[in-house]
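Next come the chains, spelled out residue by residue.
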Amino acid sequence: MKPDEVRGLWLGVLGVAIFALTLPMTRIAVGTAESPQLTGVFIATGRASVAGLLSAAFLLAVRAPWPPRDAWRPLALTSAGVVFGFPLLASVAMRHVEAVHASVIVGVLPLATAGVGAWLHRQRPSVGFWLCAAVGSVLVVVFALWQAGSRVDVRSADSLLLAAVACAAVGYAYGGRLSQSMPAEQVMCWALVISQPFTLPLAWITRPLEPVAPSAWWAFGYLSLFSMWIGMFAWYRGLALGGTVRVSQMQLLQPFLSMLFAVPLLGERLEPYSLAFAIAVIATVFAGKRMPVRVAAA
């Protein structure tokens, strides 16, 4: 590989490692049902507010032009998916499930994003792709039902995580489509900036009025600075240097890294069956992304 491709690969790994800490850090920030910390609404809107202010400073520093008129609708959908939908739903859910559990559920996200992207680009994935998507989805549902048992709170949390995956898939797909005509890092920055009229007031209204553990604030700072902002730059720069096809495969590492981070940070146990389900889900994602996709006839 060329030096730029090697740099891109390592930047991709760095971005995935940063994103992999998102679920464990969200668990620390939101707390548990027995010991709640920050609310899910505050975490979602607060991290977007901090990242949005940083994004505004970045866009001013690089003198980024205003997005064209036809970019505003995709930007709004990107913002709805990855600035509001995924952070909000995942933050609310993480109070009731462990990070290891959530990593398995969210592991199907790359395949969901590929499916939405194929629909946006009017592509026709092969039967093999949809078979992989179906198998991956069934594995996630079986794992969720098995883990939840009769616990209503866990079942509700799993439903929120699946809805978060759907939101993220739509946001990533629209953001990726827009990145074909705009610099990718500017796409996410604009998506954060246009959300400020909503996120800033909501963050202020839902701010904690009671003392919160310092660890929750540290986790919130990580989510705001790294998960929502620095990780984005590393990831998109890696895609540009190393190529989307090669670097995007690094996403397959994310569920496993999330599990590994959750063990020392949260004291969670990595059960063999959780690891087995994660491997099976990621195998379907890997196979699905290698299935042929053709452009639909006009």
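In the block above lies the structure referred to throughout.
Throughout what follows, the structure given in this document is the object of discussion.

## Thoughts on the overall build of the protein
Phase 1 of the analysis: Summing up its helical and strand segments, the protein has 14 helices and 2 strands in all.
Phase 2 of the analysis: Taking 298 residues into account, the globule formula puts the C-alpha radius of gyration at 19 Å, and the protein, at 19 Å, falls close to it.
Phase 3 of the analysis: C-alpha extents for the protein along the principal axes are approximately 55 × 45 × 40 Å.
Phase 4 of the analysis: Counting only residues that meet the buried cut, the protein has 48% of its 298 residues in that class.
Phase 5 of the analysis: Entry remark: accessible area of the protein is about 14,400 Å², with carbon and sulfur atoms responsible for 68%.

## Things to note about the packing of aromatic side chains
Phase 1 of the analysis: Applying the stated rule across the entire model yields 10 aromatic pairs.
Phase 2 of the analysis: An angle of 70° between the planes, with centres 4.9 Å apart, marks the rings of Phe58 and Phe233 as edge-to-face. On the criterion of sequence distance, the pair formed by Phe58 in helix α3 (residues 40-61) and Phe233 in helix α11 (residues 214-242) is long-range, its members being 175 residues apart.
Phase 3 of the analysis: Owing to a relative accessible area of 21%, Phe233 belongs among the partly exposed residues under this scheme.
Phase 4 of the analysis: For the ring pair Trp72 and Trp190, a centre distance of 6.3 Å and an interplane angle of 75° mean the geometry is edge-to-face. Residue Trp72 is located in helix α4 (residues 72-93), and its partner Trp190 is located in helix α9 (residues 184-193); the two are separated by 118 residues in the primary sequence.
Phase 5 of the analysis: Here Trp72 falls in the partly exposed class, since its relative accessible area comes to 30%.
Phase 6 of the analysis: Site record: aromatic cluster; members linked through ring pairs are Phe42, Trp217 and Phe220.

## With respect to the side chain of Thr199
Phase 1 of the analysis: Position of Thr199 among the secondary structure elements: in helix α10 (residues 196-205).
Phase 2 of the analysis: Within the local environment of Thr199, its side chain forms a polar contact with the side chain of Gln196, the two groups lying 3.3 Å apart.

## Let's talk about the environment of Leu266
Phase 1 of the analysis: One can find Leu266 in helix α13 (residues 254-266).
Phase 2 of the analysis: C-alpha separation for the pair Leu266 and Met25, spaced 241 residues apart in sequence, amounts to 9.1 Å.
Phase 3 of the analysis: Leu266 has contacts with Pro24, Arg27, Ile28 and Ala99, leaving out every residue within four places of it along the chain.

## Focus: the side chain of Thr26
Phase 1 of the analysis: For Thr26, the location among the structural elements is in helix α2 (residues 22-30).
Phase 2 of the analysis: Other than its neighbours up to four places away in sequence, Thr26 contacts Arg47, Ala90, Ser91, Met94 and Leu223.

## With respect to the nonpolar core
Phase 1 of the analysis: By size, the foremost hydrophobic cluster in this structure holds 54 residues, and its most contacted members are Met25, Leu38, Met94, Val97, Val104, Val106 and Leu161.
Phase 2 of the analysis: With 9 residues, the single largest contributor to this core is helix α8 (residues 152-178).
Phase 3 of the analysis: If we skip the residues at most four places from it in the chain, Leu38 touches Ala29, Val30, Ile43, Arg95, Pro208, Val212, Ala216, Trp217 and Phe220.
Phase 4 of the analysis: Counting residues in each nonpolar core, the second largest holds 26 residues, with Ala48, Leu59, Ala71 and Trp190 among its members.

## Concerning α4
Phase 1 of the analysis: Taking 1.5 Å of rise per residue, the 22 residues of α4 would be expected to cover 32 Å, and the 30 Å separating its terminal C-alpha atoms lies within 8% of that figure.
Phase 2 of the analysis: The largest bend in α4 comes to about 35°, at Gly85, with the proline Pro87 one to four residues further on.

Calculation notes
Residues numbered from 1 in each chain as written. Predicted model: local features only at pLDDT ≥ 70, side-chain atom pairs only at ≥ 80, totals over all residues. Heavy atoms only, no water. Helix = DSSP H or I, 4+ residues; strand = E, 2+ residues; numbered from the N terminus. Rg over C-alpha atoms; globule rule 2.2 N^0.38 Å. Buried < 20%, exposed > 50% of the residue type's maximum accessible area, 1.4 Å probe, protein only. Areas by Shrake-Rupley, 256 points an atom, 1.4 Å probe, with all protein chains shown as cover. Phe/Tyr/Trp six-rings, centres within 6.5 Å; stacked < 30°, edge-to-face > 60°. Polar contact = N/O pair within 3.5 Å; in protein donor to acceptor, adjacent residues only side chain to side chain. Contact = heavy atoms within 4.5 Å. Core = buried A, V, L, I, M, F, W, Y, C linked by side-chain atoms within 4.5 Å. Expected span 1.5 Å × (residues − 1). Bend = angle between axes of the 7 residues up to and from the residue.

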